[in-house]
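# Structural overview for review
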Amino acid sequence: MSTATQLIHSIPVDELTGAISVPIYQTSTFVQEAPGVNKGYDYARTGNPTRFTLEQIVAQLENGSVGIAFASGLAAIDSILKLLKSGDEIVAVDDIYGGAFRLFTQVYEKFGITVNYVDTTRIENVFEAVNEKTKLIWLETPTNPTLKISDIAKIAKIAKANRSWLCVDNTFASPALQQPLSLGADIVIHSATKYLGGHSDLIAGLVVTKEKSLGDQIKFLQNACGAILSPFDSWLVIRGIETLHLRVKQHCTNAKIIAEFLQTHPAVERVYYPGLPSHPNHDVACKQAKGFGGVVSFSLKENTELAAKQFVTSTTLFKLAESLGGVKSLVSHPASMTHKTIPAEKRRAAGVADSLIRLSVGLEEAEDLVKDIEHALSIVKIKELQTV
């Protein structure tokens, strides 16, 4: 079967009632026949049938053994970091999500965990950074927001040789486009808030592991620490996943049209989109993914935060907001929003320029989105001329 057909039919029919939609088991506890004798569930923090169904679906989507659902993407990241101990080291992608950077530096570094940030698009950087203390290699590919692409299969070989875990944040690609576990990764995480949910109406995180033993460790932490996903939000993610392949296909189509338009605009300095042949990691993206995603970033020739803010406050269809991956198009300014917690020097060194703008391209007609961008760029140009 094709992956789309397999996905749709991986969502089970309810055995008890025949319901075609997964039921929402909105309960805190489960009646037991005798102490310790139950129907598979005893307390909803430990396990819930709706959440368990979601976890199974996502594990299958990612070709993994165990899926674990959390209350947010950061809760999912936090669970993985809790596998480490004082003295352990992480090699992490330099163009990292601001929330992950904050968690790494302001929470876990004080417990004696060291994080080394490198440009993981260059394999030699990863090879040189790992040592006997490295227990985890942390990738985002594509990265947020400059959309760098790292070679998962090659880095997986380095991780295996070093007896380190390789974790890949697959949020931007989704399993519709990329399956890191099939390329050698040990762990995949998702902010299910984005493409898996797909409708900007929930907050959720997911972890999938290749090996059951590692998944069981994270499952223990899910129960011990309690950052679980609710039954209703689990159901919302399942509902979103049903249309994942269709939505992602259209996101990719629209994003490519917009990226190609931006390349030709005189006010634009640089366009970041893996689907463009000019992207430095285009070949790697073609090799390991089925498509290039729905996020496009670009910087302005007027490389200032002021110019970027003029643009993001002048669009009509692109709504100024955090997050991405929903039906409606969104625009953000990473330097003052998602990456505000990263020091300016580190942010710029990772390629996040002051004028960098990130577009989450939605499902509107591409022609309308292009007109909206063109209008906002004309306003930036007018204001630029007025200040000269």
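In short, a report on the structure. Keep in mind that what you see is a predicted model, and the values were worked out from it rather than measured. (Residues numbered from 1 in each chain as written. Predicted model: local features only at pLDDT ≥ 70, side-chain atom pairs only at ≥ 80, totals over all residues. Heavy atoms only, no water.)

## A look at the pairing of strand β5 (residues 165–169)
The element β5 is extensively covered by neighbouring structure, given that 4 of its 5 residues are classed as buried. This β-α-β element, strand β4 (residues 134–140) to helix α6 (residues 152–161) to β5, shows right-handed connectivity. Here 3 bridges tie β5 to strand β6 (residues 187–191), and the two strands are oriented parallel to one another. The partner of Val168 across the bridge, within β6, is Val188. (Buried < 20%, exposed > 50% of the residue type's maximum accessible area, 1.4 Å probe, protein only. Helix = DSSP H or I, 4+ residues; strand = E, 2+ residues; numbered from the N terminus. Right-handed = clockwise from strand over helix to strand, strands pointing away. Pairing = 2+ DSSP bridges.)

## Side note on the packing of helix α2 (residues 49–61) against helix α8 (residues 231–241)
The geometry of α2 relative to α8 is characterised by a closest axis approach of 8 Å and an angle of 35 degrees between their N-to-C directions. Like other packed secondary-structure pairs, α2 and α8 cross with a definite hand, here left-handed. Seen from α2, the contacting residues are Thr50, Arg51, Thr53, Leu54, Ile57, Val58 and Leu61; seen from α8, they are Pro231, Ser234, Trp235, Val237, Ile238 and Ile241. Split by residue class, the contact of α2 with α8 holds 9 nonpolar, 3 polar and 1 charged. (Axes fitted to C-alpha atoms, helices over the stretch in contact; angles between N-to-C directions. Left-handed = near helix turned anticlockwise from the far one by under 90°. Contact = heavy atoms within 4.5 Å. Nonpolar A, V, L, I, M, F, W, Y, C, P; charged D, E, K, R; others polar.)

## Brief notes about unusual backbone geometry
In terms of backbone geometry, most residues other than glycine have negative phi values and most peptide bonds are trans. In the segment running from Thr141 into Pro142, the intervening peptide bond is cis, with an omega of 0 degrees. Along the chain, Pro142 turns up in the loop between β4 and α6. Its identity is not glycine, yet Asn63 carries a phi of approximately 60 degrees, on the positive side. Under the relative-accessibility criterion, Asn63 is labelled partly exposed at 37%. Despite not being glycine, Arg163 has its phi angle at roughly 55 degrees, a positive value. Among the secondary structure elements, Arg163 is positioned in the loop between α6 and β5. Residue classification places Arg163 among the exposed positions, given a relative accessible area of 79%.

## Examining the sheet that holds β4
Overall, mixed pairing links the 7 strands, which are arranged β1-β7-β6-β5-β4-β2-β3 in an open sheet. Each end of this open sheet is capped by a strand with a single partner; those strands are β1 (66–70) and β3 (114–118). Between one strand axis and the next, the sheet turns through 20 degrees on average, direction left out of account.

## Description of the sheet that holds strand β8 (residues 268–272)
As summarised here, the arrangement of the 5 strands in space is β8-β9-β12-β11-β10, forming an open sheet in which the pairing is mixed. The outermost strands of the open sheet, each flanked by one partner alone, are β8 and β10 (319–320). Direction of pairing for strand β9 (residues 295–300) relative to strand β12 (residues 357–360): antiparallel, over a ladder of 4 bridges. Residue pairing across strands places Ser297 opposite Arg358, the latter belonging to β12. Strands in contact with helix α11 (residues 305–312) are β9, β10, β11 (330–332) and β12; relative to β12, the strand with the most contacts, it is inclined by about 25 degrees.

## Here's the deal with the packing of aromatic side chains
This model, assessed by the stated rule, comprises 7 aromatic pairs. On the basis of an interplanar angle of 70 degrees and a centroid distance of 6.5 Å, the ring pair of Tyr273 and Phe292 is categorised as edge-to-face. Of this pair, Tyr273 sits in the loop between β8 and α10 (282–288) while Phe292 sits in the loop between α10 and β9; the two residues are 19 residues apart in sequence, bridging distant segments of the chain. Overall, the relative accessible area of 25% leaves Phe292 in the partly exposed class. Taken together, a centroid distance of 5.4 Å and an interplanar angle of 85 degrees make the contact between Phe298 and Phe311 edge-to-face. You can see Phe298 sitting in strand β9 and its partner Phe311 sitting in helix α11, a full 13 residues away along the chain. A relative accessible area of 0% places Phe311 in the buried class. (Phe/Tyr/Trp six-rings, centres within 6.5 Å; stacked < 30°, edge-to-face > 60°.)

## Regarding the side chain of Lys148
Looking at where Lys148 falls in the secondary structure, it is placed in the loop between β4 and α6. At 3.3 Å, the side chain of Lys148 and the side chain of Asp94 are in polar contact. Each residue touching Lys148, except ones within four places of it in the same chain, is listed here: Asp94, Asp95, Asp119, Thr121, Glu140, Thr141, Pro142, Thr143, His279, Asn281 and Ala350. (Polar contact = N/O pair within 3.5 Å; in protein donor to acceptor, adjacent residues only side chain to side chain.)

## Examining the nonpolar core
Counting residues in hydrophobic clusters, the biggest one holds 80 residues, and the most contacted among them are Leu166, Leu262, Phe298, Phe311 and Leu359. Each residue touching Leu359, except ones within four places of it in the same chain, is listed here: Ile258, Leu262, Gly294, Val295, Val296, Phe298, Phe311, Phe318, Leu330, Val331 and Ile373. Ala75, Leu81, Ile187 and Ile218 belong to the second-largest nonpolar core, a separate cluster that totals 31 residues. (Core = buried A, V, L, I, M, F, W, Y, C linked by side-chain atoms within 4.5 Å.)

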